[in-house]
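Close look at the chain arrangement
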Amino acid sequence: MKAEVGDRLIVESTHLGEPRRIGIITALHHADGSPPYDVHWLDQEHDVMIFPGPDAHIERRHTEPGTS
């Protein structure tokens with residue numbers, strides 16, 4: 001798994017009826033984009049360092065044409 005600051009980390013629920021968690025990656029600990037990541041959870045308004053498990057995936061941040 002590789003990510004960049006600004007990407008979303010989506011963690012799917014493993015229990016029926018629980019919502020998936022969505023967070024914004026705010027910092028990387030490795031230059032190559034590998035975990036762990038500092039993530040700001042949108043549902044609880046707090047930041048944590050996380051090593052994503054197999055129930056997680058990255059949603060790339062979209063950039064405007066002509067920007068990086």
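Before going into details, it helps to say that this report is about the structure given with it.

Reading the values: rules and limits
Residues numbered from 1 in each chain as written. Predicted model: local features only at pLDDT ≥ 70, side-chain atom pairs only at ≥ 80, totals over all residues. Heavy atoms only, no water. Core = buried A, V, L, I, M, F, W, Y, C linked by side-chain atoms within 4.5 Å. Buried < 20%, exposed > 50% of the residue type's maximum accessible area, 1.4 Å probe, protein only. Helix = DSSP H or I, 4+ residues; strand = E, 2+ residues; numbered from the N terminus. Pairing = 2+ DSSP bridges. Axes fitted to C-alpha atoms, helices over the stretch in contact; angles between N-to-C directions.

1. Quick look at the nonpolar core
- Counting ten residues, the largest nonpolar core consists of Ala3, Leu9, Val11, Ile25, Tyr37, Val39, Trp41, Ile50, Ala56 and Ile58.
- Broken down by secondary-structure element, the contributors of at least two residues to this core are strand 1 (8-11), strand 3 (37-41) and strand 5 (56-59).
- Of the residues forming this core, the biggest block, three residues, is contributed by strand 3.

2. Considering the sheet that holds strand 2 (residues 21-28)
- Here five strands make up an open sheet; going across it, the order is 4-3-2-1-5 and the pairing antiparallel. Single-partner strands in this sheet number two, and they are strand 4 (46-50) and strand 5. Sheet twist, expressed as the average angle between the axes of neighbouring strands with direction ignored, equals 35°.
- Two elements, strand 1 and strand 5, share four bridges in a ladder whose sense is antiparallel. Along strand 5, the bridge assignment pairs Arg8 with Glu59.

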